[in-house]
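Report on the structure
Chain by chain, the residues run as shown.
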Number of protein chains: 2
Amino acid sequence: MHFEFSPIAARDDDIERAAKALKAMSHPLRLKILCGLGENEASVQDIVEYVGTSQSNISQHLGILRDKDILASRKEANRVYYRIGDPRIMHLISSMQEVFCSSD
Amino acid sequence: MHFEFSPIAARDDDIERAAKALKAMSHPLRLKILCGLGENEASVQDIVEYVGTSQSNISQHLGILRDKDILASRKEANRVYYRIGDPRIMHLISSMQEVFCSSD
DNA sequence: TTGGAAAATTAGAGTATGTTAATATGCTGT
DNA sequence: ACAGCATATTAACATACTCTAATTTTCCAA
């Protein structure tokens, strides 16, 4: 093996963690939720309107993001507000925007 | 709707493209290949040894990454060499390393 | 041109994901 | 306690993924 592996190497646990997070983010609706949220928070209803699908569907997607600690939630009266919980995830989303969004 | 959506807004096509790319990268073996490659290139055999699974399995994962234009390939004699084709993808992988890898 | 290494393809089975529709839970105001 | 809105959960079905094992293709060397 004459070449150099792992110039950007990573431990296998890091790989696993990253892959799980990416997988959770790699659904169009979930990614839209994350990009739409940005630094703000929004209620489930707000998100339903923004994304444009059923309440049940959104709730399930939010559950996935919450379970993976990508979103944090806060209950206020009748409503539940979601926000991006981890600043590192926020950073990653910004990077993805730089890579994939043409808006300069 | 009293809050601000889309501080990091993105067009739906951008979201779709990004989600597809993320999905392709969000498998542990594929992510390991990408992180292992970095700026270098490697033959299929090298990758098989590095990742540690069957040739068939690696070839299928490489095919997925190639189809999504995440990897480019080059044939030399008997072997096929793969590398990260898109500098933007390279940038994204670096960002992910910053976010997920503890190595400082 | 034949043998063998390197890589790709195919088929099949098992598992996971995503959607819809229906139902349940929880909270608020009265 | 009750009515009604907001959110979560469940079940069922369809689709997509992933792995293994077997086979095929491609290329080089003798």
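Residues numbered from 1 in each chain as written. Chains lettered and ligands numbered in written order. Predicted model: local features only at pLDDT ≥ 70, side-chain atom pairs only at ≥ 80, totals over all residues. Heavy atoms only, no water.

1. Digging into the overall build of chain A
If you tally the helices and strands in chain A, you get five helices and three strands. Reading chain A from its N end, one meets helices and strands in the order α-α-β-α-α-β-β-α. Counting every position in chain A, which comprises 104 residues, the buried fraction comes to 46%. When the accessible surface of chain A is summed, it comes to about 5400 Å², and 45% of that surface belongs to carbon and sulfur atoms. (Helix = DSSP H or I, 4+ residues; strand = E, 2+ residues; numbered from the N terminus. Buried < 20%, exposed > 50% of the residue type's maximum accessible area, 1.4 Å probe, protein only. Areas by Shrake-Rupley, 256 points an atom, 1.4 Å probe, with all protein chains shown as cover.)

2. What to know about the protein's contact with DNA strand D
Not every one of the 21 residues close to DNA strand D is listed here, only the nearest: S56 and Y82 of chain A together with K23, S56 and H61 of chain B. Put simply, 65% of the atoms of DNA strand D that lie within 4 Å of the protein are in sugar or phosphate. The separation between a phosphate oxygen of DNA strand D and a polar main-chain atom of V44 of chain A is 3.4 Å. The side chain of Q55 of chain A places a nitrogen or oxygen atom 2.8 Å from a base nitrogen of DNA strand D. Mapped onto the surface near DNA strand D, the elements with two or more residues apiece are α3 (44–51), α4 (55–67) and β3 (79–84) of chain A together with α4 (55–67) of chain B. For the surface near DNA strand D, a count of residues per class yields four nonpolar, 13 polar and four charged. (Near = heavy atom within 4 Å. Polar contact = N/O pair within 3.5 Å; in protein donor to acceptor, adjacent residues only side chain to side chain. Nonpolar A, V, L, I, M, F, W, Y, C, P; charged D, E, K, R; others polar.)

3. Let's talk about the pairing of strand β2 (residues 71–76) of chain B
Residue and element names in this part refer to chain B. Across six bridges, the pairing between β2 and strand β3 (residues 79–84) is antiparallel. The partner of S73 across the bridge, within β3, is Y82. In textbook terms, the turn of a hairpin is the stretch between consecutive antiparallel strands, and for β2 and β3 this stretch comprises two residues, one of which, A77, has a positive phi near 55 degrees. (Pairing = 2+ DSSP bridges.)

4. Some points on the nonpolar core
Nonpolar side chains in soluble globular proteins generally cluster together in the buried interior. If you look at the biggest cluster of nonpolar residues, it comprises 62 residues, and the most contacted ones within it are L71 of chain A together with L71 of chain B. Residues within four places of L71 of chain A in sequence aside, it is in contact with I33, L34, L37, L62, L65, R66, Y82, R83, I84 and G85 of chain A. (Core = buried A, V, L, I, M, F, W, Y, C linked by side-chain atoms within 4.5 Å. Contact = heavy atoms within 4.5 Å.)

5. Comments concerning the relation of the copies chain B and chain A
Superposition record for chain B on chain A: RMSD 0.0 Å, screw rotation 180 degrees, translation along axis 0.0 Å. The operation mapping one copy onto its partner corresponds to a two-fold rotation axis. Counting the interface residues of chain B, we find that 100% of their copies in chain A are interface residues as well, pointing to one common contact surface. (Least-squares fit on C-alpha atoms with pLDDT ≥ 70 in both.)

6. Quick notes on the sheet that holds β3 of chain A
Residue and element names in this part refer to chain A. Taken together, the three strands give an open sheet; going across it, the order is β1-β3-β2, and neighbouring strands pair in antiparallel fashion. Pairing within the sheet leaves two strands with one partner each, and these edge strands are β1 (41–43) and β2 (71–76). In this sheet, neighbouring strand axes are inclined to one another by 30 degrees on average, regardless of whether the strands run parallel or antiparallel. Running at roughly 90 degrees to β1, α3 makes contact with β1 and β3 of the sheet. Each of β2 and β3 is contacted by α4, which is oriented at about 115 degrees to β2, the strand it contacts most. (Axes fitted to C-alpha atoms, helices over the stretch in contact; angles between N-to-C directions.)

7. Structural notes on the sheet that holds β2 of chain B
Residue and element names in this part refer to chain B. One open sheet holds the three strands; their spatial order is β1-β3-β2, and the pairing between them is antiparallel. The open sheet has two edge strands with one neighbour each: β1 (41–43) and β2. Between one strand axis and the next, the sheet turns by 30 degrees as a mean value, whatever way the strands run. Here three bridges tie β1 to β3, and the two strands are oriented antiparallel to one another.

8. Brief notes about the protein's contact with DNA strand C
What surrounds DNA strand C is a group of 22 residues, the closest being K23, S56 and H61 of chain A together with Q45 and Y82 of chain B. A share of 66% is what sugar and phosphate atoms reach among the atoms of DNA strand C within 4 Å of the protein. A77 of chain A places a polar main-chain atom, nitrogen or oxygen, 3.5 Å from a sugar or linking oxygen of DNA strand C. Elements supplying a minimum of two residues to the surface near DNA strand C: α4 of chain A together with α3 (44–51), α4 and β3 of chain B. Top element by residues in the surface near DNA strand C is α4 of chain B. It accounts for five residues. A class-by-class count of the residues in the surface near DNA strand C yields four nonpolar, 13 polar and five charged.

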